[in-house]
Amino acid sequence: MAGKKKRKGGKTIVNLVLGVICFIWLLPTLGLFISSFRPAADILQTGWWKVFPHQEWTQGETLQLSKDTDLRQPIEVNGQTYTDDQLKAGVEVDDSRLMWENRRARTINMQEQGWKTTPDLTMDNYSNVLSGKEYKLTEADGSETMQKGTGLSQAFWNTLTIAVPATVIPVLIASFAAYAFAWLRFPGRKTLFVIIIAMLVIPIQVALIPVLKDYTSLGLNGSYLGIWLAHTAFGLPLVTYFMYNFISQLPKDLFESAFIDGASHFTIFSRLILPLSVPALASIGIFQFLWVWNDYLVSLIFIGNQPSVQVMSMKIADLVGSRGNDWHLLTSAAFISMLMPLAIFFLLQKYFVRGLMGGSVKG
Amino acid sequence: MDAQMKQKSSDPGAQVKQTISIKAVLLSLGILLANIVINGLIFVFFRDSTLNPLLTAVLAVLWGVLGVYLIYYTLTWAVEQYPDHIRRKVLPYIFIGPAVIILGWLLVLPALRTLYLSFFNASSEKFVGLSNYAAIFSDHLMATALRNNLLWVFIGTLACVCFGLLIAILADRSSYEKIAKSIIFMPMAISFVAAGVIWKFVYYYQPGDEQIGLLNAIVTYFGGEPQAWTSMLQPWNNFFLIIILIWMQTGFAMVIFSAAIKGVPDDILEAARVDGAGEVKIFFGIMIPFISATILTVTTTIIVFTLKIFDVVMVMTGGQYDTEVVATQFYRQFFMYRNFGYGSTLAIVLLIAVLPVILINLRQFRKQGGF
């Protein structure tokens, strides 16, 4: 196959360049992941990379200068002279660094370099962001405040409640339709299918205002049913098209022999087509599920600010707006929302990629 | 297969026309009515349901699978009470019915209604002709949104395609192709909101010496001044948002290019090498022409995707600091200013922007044989 004639010398460079790219790609997620386990105060004080062993200046011996040292003149320390600015920034001498410890009291610290890690890791962020209860938080300056939990676990279940039916319903409806488009002949078949293809890339924004008006008059706003139906409609063109491509490729003999046995279309569909379509159903089902799981716009419009139905993406977006500096909450919340997609990605990669390829055109 | 059957049955004398029994009509009407009533009740139940969400979900899945399945089952059964020639005519509409009703109600008709609304004023009461469309180019906010969307489409798509191609080729020649592709592809799985948080953390700026945001830490390490990347620095802040899109979508381009590259026949490449062509020349002279159709597909897909970009901007800046795009402006006009005229117009502008892609899709479909 491909790759028989790779050159030895070039390969090392290729591996190296690709390694660097992969490292850059991974770095942002890694930062989020590590930070989500760090205590709230630590996140704001030091960068997340400080959890790895690194060289750092640590406090050492204190030197006392004479109290009447003039800071505007060169300052003599251990036989060398330095300026005030140098000592403010720190000056390296041999293996140590001279820096003001207390400029007014005229004390200088001889800092020493050493390996250091800040491996303080905790699960607190996760329990705080998941629960809705109050908890105590130590701030960066050491003081303690009470904060209310984010209640993300509720949002997690809401998301699941929305995502599962919003996957099952369109996939089933679309499969029936795809079967009819592929194997039945009826007037209007072509027109209807052309409309479905046209709907593939349509931006859902064109539907939002009128649908919201209908929902308001039907009382569907902020209800599970409303959002299931919305996701069903917005997902249908793609799922139908995807299933049509699969079902229309099935061998014709299959149907003929079933027909001779006297089976009806309904029986053929449920006994023959559905079992045969499992790989396609899995691919497009995963795509639709992740689409709904990751969705923000549709929930934002049709759920609005009803906290009891809010999904995770809305909750996190709210957090970004209201608690933008509380990185202990943001990082863990974001990671919780990524758990499901990442699990599916790593466990069902084959179906996942196939579904994504077929579904990439979705509006 | 169906067509064959039709032929058979239209043979003169092959089949005596059966009469429609009254019983069948009553039965099917009853079943239709029962379906409407029962599902209407379920509709009301779910709408007003105050049950535990998880329980609601379980019931919904049951309804989604069993209920929807039962609709098809009972209606098909009813149709089977009729003679063959009627059954064959009605059955397809039962199969496509639910899909057509939902699509019509929630997608096709709304699109037409939005088009209609775009010719009316903010409260949809007064006909204003094309003045909403004119406003898009004169109103400062909306003009900015349009400019930014163009930036997103051009830079975002170009970068995704180039990086995707580069990484696909590197991965093809490396010794750890699978892992590398997984790493690059991974961001596609997560939501834009989560990606927004990830990158907000990378770009984070705080006054003082210690920077906890990766980018500012790197900048200060090399002696630069830390910056508030996404808010100040206009219009360059848009680029920092576009980087997020590149980070997420390059994986998509890469996976498709990777498959296409593997399809380039080995003997052509070998022949070129024997003739003394360098790797660069092979890349531009053989690879690129060979996968040009794939490049076109990937490019249009990413363009369509980028046109509708919303979540990233909403989470990162909320559209402030001149980072507004059409979709966020749509949301703002619609929800905050309650201006249905402008909102609808912006939605139609998005639609017009993807119109060429719709036409390409349709032509493609016809070329592939269509029906």
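Just so we're clear, the structure is a prediction, and the values are computed from it rather than from any experiment.

A. Quick look at the overall build of chain A. The helix and strand tally for chain A stands at 16 helices and 8 strands. Summarising the internal contacts of chain A: among those between residues at least 6 apart in sequence, 68% fall at separations of at least 24. When the accessible surface of chain A is totalled, it reaches about 15,800 Å², and 58% of it is carbon and sulfur.

B. Molecular detail of the interface of chain A and chain B. With 128 residues of chain A in contact, the opposing surface of chain B contributes 116 residues. Carbon and sulfur atoms make up 78% of the area that chain A and chain B hide from each other, which totals about 11,300 Å². It is W25, I209 and F266 of chain A that lose the most area in chain A upon contact with chain B, and together they represent 7% of the buried surface on that side. Our count for the contact surface shared by chain A and chain B stands at 1 salt bridge. A salt bridge links D214 of chain A to R113 of chain B; the nearest nitrogen and oxygen atoms lie 3.1 Å apart. Where chain A packs against chain B, one counts 12 residue pairs in polar contact (both at pLDDT 80 or more). If one sorts the elements of the side of chain A that touches chain B by residue count, helix α1 (residues 8-35) of chain A sits on top with 16 residues. The class makeup of the residues in the side of chain A that touches chain B is 89 nonpolar, 25 polar and 14 charged.

C. Up close: the packing of helix α11 (residues 265-276) of chain A against helix α12 (residues 278-294) of chain A. All names here are of chain A. For the pair α11 and α12, the least separation of the axes is 5 Å and the interaxial angle reads 65°. Contact residues: α11 offers L274, P275 and L276, while α12 offers V278, P279 and L281. Per-class residue counts for the contact of α11 with α12 are 6 nonpolar, no polar and no charged.

D. Here's a closer look at the packing of helix α10 (residues 252-260) of chain A against α11 of chain A. Residue and element names in this part refer to chain A. For the pair α10 and α11, interaxial distance at closest approach is 11 Å and the crossing angle is 140°. If you check the angle between α10 and α11, you find them oblique. Judged by the twist between their axes, the crossing of α10 over α11 is right-handed. Taking contact as the criterion, the partners of L254, F255, A258 and F259 in α10 are, on α11, H265, I268, L272, I273 and L276. Across the contact of α10 with α11, the residue classes break down as 8 nonpolar, 1 polar and no charged.

E. Here's a closer look at helix α2 (residues 22-48) of chain B. Under the 1.5 Å per step criterion, the end-to-end length of α2 of chain B is 39 Å for 27 residues, consistent within 8% with the ideal 39 Å. All of the buried residues in α2 of chain B are A24, S28, I31, N35, N39 and F46 of chain B.

F. A look at the UniProt feature "transmembrane region" (unreviewed entry) in chain B. The positions UniProt marks with the feature "transmembrane region" (unreviewed entry) are residues 20-46, 58-78, 90-112, 150-171, 183-205, 239-261, 282-307 and 340-362 of chain B. Taken end to end, residues 239-261 of chain B has its terminal C-alpha atoms 30 Å apart, with 100% of it in helix and 0% in strand.

G. Focus on the pattern of salt bridges. Residues and elements named next belong to chain B. Applying the stated criterion across every chain, the model contains 5 salt bridges over all chains. Here E177 ties to K262 by a salt bridge, and the two come within 2.8 Å at their closest N and O atoms. With E177 in helix α7 (residues 177-185) and K262 in helix α10 (residues 237-262), this residue pair connects regions lying 85 residues apart in the sequence. Residue classification places K262 among the partly exposed residues on the basis of a relative accessible area of 35%. R332 is the partner of E324 in a salt bridge, and the nearest nitrogen-oxygen pair spans 3.2 Å.

H. Examining the environment of L146 of chain B more closely. Residues and elements named next belong to chain B. Residue placement: L146 occurs in helix α6 (residues 140-173). C-alpha of L146 to C-alpha of V349: the two residues are 203 residues apart in sequence and 9.7 Å apart in space. Those residues within four positions of L146 in sequence are excluded, and the remaining contacts are I136, F137, V326 and V349.

I. Geometry of the UniProt feature "transmembrane region" (unreviewed entry) in chain A. Residues and elements named next belong to chain A. If you check UniProt for "transmembrane region" (unreviewed entry), the listed places come out as residues 12-34, 162-184, 191-212, 224-247, 268-291 and 327-348 in our numbering. Note that residues 162-184 is 91% helix and 0% strand, and that its end C-alpha atoms are spaced 33 Å apart. Annotated as residues 224-247, this span is 100% helix and 0% strand, and its ends, taken at the C-alpha atoms, are 31 Å apart.

J. Structural detail: a nonpolar patch on the surface. Residues and elements named next belong to chain B. The grouping of F45, L51, L55, V58, L59, L62, V65 and L66 at the surface amounts to a nonpolar patch, some 660 Å² of accessible area in total. Considering each element in turn, the nonpolar patch owes the most residues, 6 residues, to helix α3 (residues 53-79). On the secondary structure map, L51 appears in the loop between α2 and α3.

K. Main features of the domain arrangement of chain B. All names here are of chain B. For chain B, the assigned domains are domain 1 (22-118) and domain 2 (133-368). The gap between the C-alpha centroids of domain 1 and domain 2 is 40 Å. On the domain 2 side, the residues contacting the 5 residues of domain 1 number 6 residues. A combined buried area of about 420 Å² lies between domain 1 and domain 2, and 70% of that area is made up of carbon and sulfur atoms. When the buried surface of domain 1 facing domain 2 is broken down by residue, T114, L117 and S118 rank first, second and third, together holding 79% of it. Summed over the shared surface of domain 1 and domain 2, the number is 0 salt bridges. Linking domain 1 to domain 2 there are 1 residue pair in polar contact (both at pLDDT 80 or more).

L. Region of interest: the state of the cysteines. All names here are of chain B. Per the stated rule, a full pass over the model turns up 0 disulfides over all chains. As a non-bridged cysteine, C162 has C160 as the owner of its nearest cysteine sulfur, 9.6 Å distant. According to the relative accessible area criterion, C162 is partly exposed, its value standing at 48%.

M. Here's a closer look at the confidence of the model for chain A. When pLDDT is averaged along chain A, the result is 79; 86% of the residues meet or exceed 70. Counting contacts from residues 1-6 of chain A, a segment whose pLDDT is below 50, to residues more than four positions away or on other chains yields 10 contacts.

N. Region of interest: the packing of aromatic side chains. Per the counting criterion, the structure on display carries 44 aromatic pairs over all chains. Each ring, one from F193 of chain A and one from Y244 of chain A, has its centre 4.4 Å from the other, and the planes form 45°; the classification is tilted. Taken together, the residues span a long stretch of sequence, with F193 of chain A in helix α7 (residues 189-199) and Y244 of chain A in helix α9 (residues 224-247) at a distance of 51 residues. The class of Y244 of chain A is buried, set by a relative accessible area of 7%. Each residue in the set F176, Y179, F266 and F269 of chain A together with Y69, Y72, Y73 and F95 of chain B is aromatic and connected to the rest through ring pairs, giving one cluster. Stacked on the ring of F335 of chain B, the Lys or Arg R338 of chain B has its end atom at 5.9 Å from the ring centre.

O. Up close: the nonpolar core. In this structure, F234 and F302 of chain A are the most contacted members of the largest nonpolar core, which totals 224 residues. Mapped onto the domain boundaries, this core takes at least three residues apiece from domain 1 (22-118) and domain 2 (133-368) of chain B. Setting aside chain neighbours within four positions, we find F302 of chain A in contact with L208, V211, L212, Y215, N221, G222, I227, A230 and F234 of chain A.

P. Structural detail: a positive patch on the surface. Residues K190 of chain A together with R363, R366 and K367 of chain B make up a contiguous surface patch of positive charge. Broken down by element, the residue count for the positive patch peaks at 3 residues, all from helix α16 (residues 340-367) of chain B. Positionally, K367 of chain B belongs in helix α16. Residue class for K367 of chain B comes out exposed when judged on its relative accessible area of 68%.

Rules used throughout
Residues numbered from 1 in each chain as written. Chains lettered and ligands numbered in written order. Predicted model: local features only at pLDDT ≥ 70, side-chain atom pairs only at ≥ 80, totals over all residues. Heavy atoms only, no water. Helix = DSSP H or I, 4+ residues; strand = E, 2+ residues; numbered from the N terminus. Contact = heavy atoms within 4.5 Å. Areas by Shrake-Rupley, 256 points an atom, 1.4 Å probe, with all protein chains shown as cover. Buried area = accessible area lost by both parts, 1.4 Å probe. Salt bridge = Lys/Arg side-chain N within 4 Å of Asp/Glu carboxyl O. Polar contact = N/O pair within 3.5 Å; in protein donor to acceptor, adjacent residues only side chain to side chain. Nonpolar A, V, L, I, M, F, W, Y, C, P; charged D, E, K, R; others polar. Axes fitted to C-alpha atoms, helices over the stretch in contact; angles between N-to-C directions. Parallel < 35°, antiparallel > 145°, perpendicular 65-115°, else oblique. Left-handed = near helix turned anticlockwise from the far one by under 90°. Expected span 1.5 Å × (residues − 1). Buried < 20%, exposed > 50% of the residue type's maximum accessible area, 1.4 Å probe, protein only. UniProt positions renumbered as here; feature names shortened; annotations may be inferred. Patch = residues over 30% accessible without salt bridge, like charges linked within 9 Å, V, L, I, M, F, W, Y side chains within 5 Å. Domains from an automatic or database assignment. Disulfide = S-S within 2.5 Å. pLDDT = per-residue confidence, 0-100. Phe/Tyr/Trp six-rings, centres within 6.5 Å; stacked < 30°, edge-to-face > 60°. Lys NZ or Arg CZ within 6 Å of the ring centre and 35° of its normal. Core = buried A, V, L, I, M, F, W, Y, C linked by side-chain atoms within 4.5 Å. Lys, Arg positive; Asp, Glu negative; His and termini not counted. Charge placed at Lys NZ, Arg CZ, Asp CG, Glu CD.

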